[in-house]
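Results of the structural survey
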Amino acid sequence: MANIQKKKATTYTYESVDGTKTTIQVGKDGVTKKWLALLMEDDAAVHEQDDVQRKHADYGYQNAVARYERCPDDESGHPMDEIPDPAADIFRILYPEETADSPLLEKLRQTIGQLTDDQRDLIFDLYGMCKTNTQIGKEKNVTEAAIRCRRDKIHKRLKKLIES
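Described below are features of the structure shown in this document.

Definitions and limits used
- Residues numbered from 1 in each chain as written.
- Predicted model: local features only at pLDDT ≥ 70, side-chain atom pairs only at ≥ 80, totals over all residues.
- Heavy atoms only, no water.
- Helix = DSSP H or I, 4+ residues; strand = E, 2+ residues; numbered from the N terminus.
- Buried < 20%, exposed > 50% of the residue type's maximum accessible area, 1.4 Å probe, protein only.
- Contact = heavy atoms within 4.5 Å.
- Areas by Shrake-Rupley, 256 points an atom, 1.4 Å probe, with all protein chains shown as cover.
- Axes fitted to C-alpha atoms, helices over the stretch in contact; angles between N-to-C directions.
- Parallel < 35°, antiparallel > 145°, perpendicular 65-115°, else oblique.
- Nonpolar A, V, L, I, M, F, W, Y, C, P; charged D, E, K, R; others polar.
- Polar contact = N/O pair within 3.5 Å; in protein donor to acceptor, adjacent residues only side chain to side chain.
- Core = buried A, V, L, I, M, F, W, Y, C linked by side-chain atoms within 4.5 Å.

**What to know about the overall build of the protein chain**
Looking only at helices and strands, the protein chain has 7 helices and 2 strands in total. Ordered by position from N to C terminus, the α and β elements of the protein chain give β-β-α-α-α-α-α-α-α. Looking at the protein chain as a whole, 23% of its 164 residues qualify as buried. Taking the contacts inside the protein chain whose residues are at least 6 apart along the sequence as the reference set, 42% of them involve residues at least 24 apart. Roughly 12400 Å² of accessible area belongs to the protein chain as shown, and the carbon and sulfur atoms make up 52% of that amount.

Right, here's the structure in full:
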């Protein structure tokens, strides 16, 4: 982190990663006032970014990462793998107007049990594993359009079973 000397606006002190402090001065080694101004602007931007990160820090997540890094062989996996993708929520796709505590959610879970194994696998790949249609198509040796068509048919079937 840089230490800006306010008394002398013509010098700039910074600290390297290894802890070495270096002072540069306008007029020496080709350093100009413009360079110092750019360094100071960069410092201000870094400080602002650090403040925003501190303000929005998720300490629970940071603690989970620290635990994982201490014991990476732990079966729980990296915490990043546990962050759900809100865009991959089948309930919100089928019923965007409903809330998460809706009775429809439980009915959806039960209805998914009525699907074939292949249909449940596709639902899991799409919404559990957050795979794209293209990725699944490559795995199953079919086109992306075929996967999209299957997905749409499953959505229609689920909606019909739920609403009946």
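**A few points about the packing of helix 5 (residues 117-128) against helix 7 (residues 144-163)**
Packing of helix 5 against helix 7 leaves a shortest axis separation of 11 Å and a crossing angle of 105°. Here helix 5 is positioned roughly perpendicular relative to helix 7, judged by the angle of their axes. Taking contact as the criterion, the partners of Gln-119, Leu-122, Ile-123, Leu-126 and Tyr-127 in helix 5 are, on helix 7, Ile-147, Arg-150, Arg-151, Ile-154, His-155, Arg-157 and Leu-158. In terms of residue class, the contact of helix 5 with helix 7 is made up of 7 nonpolar, 2 polar and 3 charged.

**Observations regarding the packing of helix 6 (residues 133-140) against helix 7**
Contact pair helix 6 / helix 7: the axes reach a minimum separation of 8 Å and the direction vectors enclose 110°. Taken together, the axis directions place helix 6 and helix 7 in an arrangement best described as roughly perpendicular. Residues Asn-133, Thr-134, Ile-136, Gly-137 and Lys-140 of helix 6 pack against Glu-144, Ile-147, Arg-148, Arg-150 and Arg-151 of helix 7. Residues that form the contact of helix 6 with helix 7 fall into these classes: 2 nonpolar, 3 polar and 5 charged.

**Looking at the environment of Thr-20**
By the secondary structure assignment, Thr-20 is in the loop between strand 1 (11-15) and strand 2 (21-25). According to the relative accessible area criterion, Thr-20 is partly exposed, its value standing at 40%. Once residues within four sequence positions are removed from consideration, Thr-20 is found in contact with Tyr-14 and Glu-15. Within the structure, Thr-20 has its side chain in polar contact with the side chain of Asp-18 (distance 2.8 Å).

**So, the nonpolar core**
Leu-108, Ile-112, Leu-115, Leu-122, Ile-123, Leu-126, Tyr-127, Ile-136, Ile-147, Ile-154, Leu-158 and Ile-162 form the largest nonpolar core, which has 12 residues in total. In this structure Leu-115 touches Arg-120, Ile-123, Ile-154, Arg-157 and Leu-158, once residues within four positions along its chain are discounted.

**What to know about the side chain of Thr-111**
Mapped onto the elements of the fold, Thr-111 is located in helix 4 (residues 103-112). Judged by its relative accessible area of 3%, Thr-111 is buried. Among the polar contacts made by the side chain of Thr-111, one reaches the main-chain carbonyl oxygen of Lys-107 at a distance of 2.6 Å. In contact with Thr-111, not counting residues within four places along its chain, are Leu-158, Leu-161 and Ile-162.

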